[in-house]
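Observations on the model geometry
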Amino acid sequence: MKTAFEKELVTLAHRLADLCALVAVALEEATRSVLESDHTLGGRVREQVGAAAALGAACEDQACALLALHAPREAEVKAVVGAVHTAAELTRMGGLAREVAEAPGRVPPDARPALGRLGAQAVAAARALAGLLAGGDGAGLDDAVVLAGAAERELREWADRREWPRGVGVAADLALLGAIHARFAEGAVRIARRTEGYVPVGA
């Protein structure tokens, strides 16, 4: 039978999974907003990121309360500290989604397929992480990150091959969008590695 601490740890882990799913949706819609120049979607992303920040803070507060109200063993302390770091990292990933939604300029039509693939793989990495935090095996996370890296290189190479009669601003904007998506995917990997061996689920 689970102790009260273990039950609360399960609840915390599922809240983290919900947070991860929320930032995945935020990035998915942020990518669509820049691909389609849809400012309505961009506004919705800002709302989602605000909700993610609030949930991340609530997760951190819950984790601190677990340490204050219980006398956890060393492994349990590691799980709680890992949860605090996970909440902070996921909140930062939400901030990256907001940066995508607020990106200046329009994406050239022939660059949209590569950016779309990059966004899809970064989102897939976050969703695989959400599954891991909810007690799954994180299947597909590594593959999604590898494919995200390939899509980022494709986007960068596409920009490098072009001549820009109006300056290099468009190429710089595309490179920045690619880098932000890649950082989002890499954040999912960092969280997964941190939680190996003590994913705070207890299921």
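Just above sits the structure.
Here's a quick rundown of the structure.

Broken down by element type, the chain carries six helices and zero strands. Order of helices (α) and strands (β) in the chain, N terminus to C terminus: α-α-α-α-α-α. Taking 203 residues into account, the globule formula puts the C-alpha radius of gyration at 17 Å, and the chain, at 18 Å, falls close to it. Taking the principal axes of the C-alpha coordinates as reference, the chain spans close to 65 × 30 × 20 Å. Expressed as a percentage of the 203 residues in the chain, the buried residues total 45%. Considering only contacts within the chain whose residues lie at least 6 apart along the sequence, 84% involve residues at least 24 apart. Accessible surface computed for the chain: about 9900 Å², of which carbon and sulfur atoms make up 55%.

The next point concerns the pattern of salt bridges. This structure, assessed with the given rule, holds eight salt bridges. We note a salt bridge from glutamate 152 to arginine 156, for which the minimum N-O separation is 3.6 Å. A residue pair is termed a helical-turn pair when its members lie 3 or 4 positions apart in one helix, as glutamate 152 and arginine 156 do in helix α5 (residues 141–161) at four residues. For arginine 156, a relative accessible area of 37% gives the class partly exposed.

On the surface, a nonpolar cluster with roughly 180 Å² of combined accessible area is contributed by Leu67, Val77 and Val81. Its place among the elements puts valine 81 in helix α3 (residues 74–101). For valine 81, a relative accessible area of 35% corresponds to the partly exposed category.

For the pair helix α4 (residues 112–133) and α5, the least separation of the axes is 8 Å and the interaxial angle reads 160°. What the angle tells us is that α4 and α5 run roughly antiparallel. As α4 packs across α5, the resulting crossing turns out to be left-handed. In this structure, α4 uses Ala114, Leu115, Arg117, Leu118, Gln121, Ala122, Ala124, Ala125, Ala128 and Leu129 to contact α5, whose residues at the interface are Leu141, Ala144, Val145, Leu147, Ala148, Ala151, Glu152, Glu154 and Leu155. Split by residue class, the contact of α4 with α5 holds 15 nonpolar, one polar and three charged.

Next up on the list: the packing of α5 against helix α6 (residues 169–195). α6 packs onto α5 with a crossing angle of 165° between their chain directions and a minimal axis gap of 9 Å. Considered as vectors, α5 and α6 are oriented roughly antiparallel to each other. In the crossing of α5 with α6, the sense of the turn from one axis to the other is left-handed. Listed contacts from α6 to Leu141, Val145, Ala148, Glu152, Leu155, Trp158 and Ala159 of α5 are Ala171, Leu174, Gly178, Ala179, Ala182, Ala185, Ala188, Val189 and Ala192. The residue inventory of the contact of α5 with α6, partitioned by class, reads 14 nonpolar, one polar and one charged.

This part takes up unusual backbone geometry. Located in the positive-phi region is serine 37, a residue other than glycine, with phi close to 50°. Here serine 37 shows up in the loop between α1 (4–36) and α2 (39–69).

So, about the nonpolar core. Membership of the largest hydrophobic core comes to 62 residues, with the highest contact counts inside it found for Leu12, Leu90, Leu129 and Phe184. Counting only elements with at least two residues in this core, the list comes to α1, α2, α3, α4, α5 and α6. No other element matches the 13 residues that α1 contributes to this core. Apart from residues no more than four positions distant in its own chain, leucine 12 is found in contact with Cys59, Gln62, Ala63, Leu66 and Ala83.

Okay, α2 next. End to end, α2 covers 45 Å across 31 residues, agreeing with the expected 45 Å (1.5 Å per residue, within 8%). The complete set of buried residues in α2 reads Leu41, Gly42, Val45, Gln48, Val49, Ala52, Gly56, Cys59, Gln62, Ala63 and Leu66. On its buried face, α2 is in contact with α1 and α3. Two or three places before threonine 40, at the opening of α2, aspartate 38 has a side-chain oxygen 2.9 Å from that residue's backbone nitrogen.

Conventions we followed
Residues numbered from 1 in each chain as written. Predicted model: local features only at pLDDT ≥ 70, side-chain atom pairs only at ≥ 80, totals over all residues. Heavy atoms only, no water. Helix = DSSP H or I, 4+ residues; strand = E, 2+ residues; numbered from the N terminus. Rg over C-alpha atoms; globule rule 2.2 N^0.38 Å. Buried < 20%, exposed > 50% of the residue type's maximum accessible area, 1.4 Å probe, protein only. Contact = heavy atoms within 4.5 Å. Areas by Shrake-Rupley, 256 points an atom, 1.4 Å probe, with all protein chains shown as cover. Salt bridge = Lys/Arg side-chain N within 4 Å of Asp/Glu carboxyl O. Patch = residues over 30% accessible without salt bridge, like charges linked within 9 Å, V, L, I, M, F, W, Y side chains within 5 Å. Axes fitted to C-alpha atoms, helices over the stretch in contact; angles between N-to-C directions. Parallel < 35°, antiparallel > 145°, perpendicular 65-115°, else oblique. Left-handed = near helix turned anticlockwise from the far one by under 90°. Nonpolar A, V, L, I, M, F, W, Y, C, P; charged D, E, K, R; others polar. Core = buried A, V, L, I, M, F, W, Y, C linked by side-chain atoms within 4.5 Å. Expected span 1.5 Å × (residues − 1). Polar contact = N/O pair within 3.5 Å; in protein donor to acceptor, adjacent residues only side chain to side chain.

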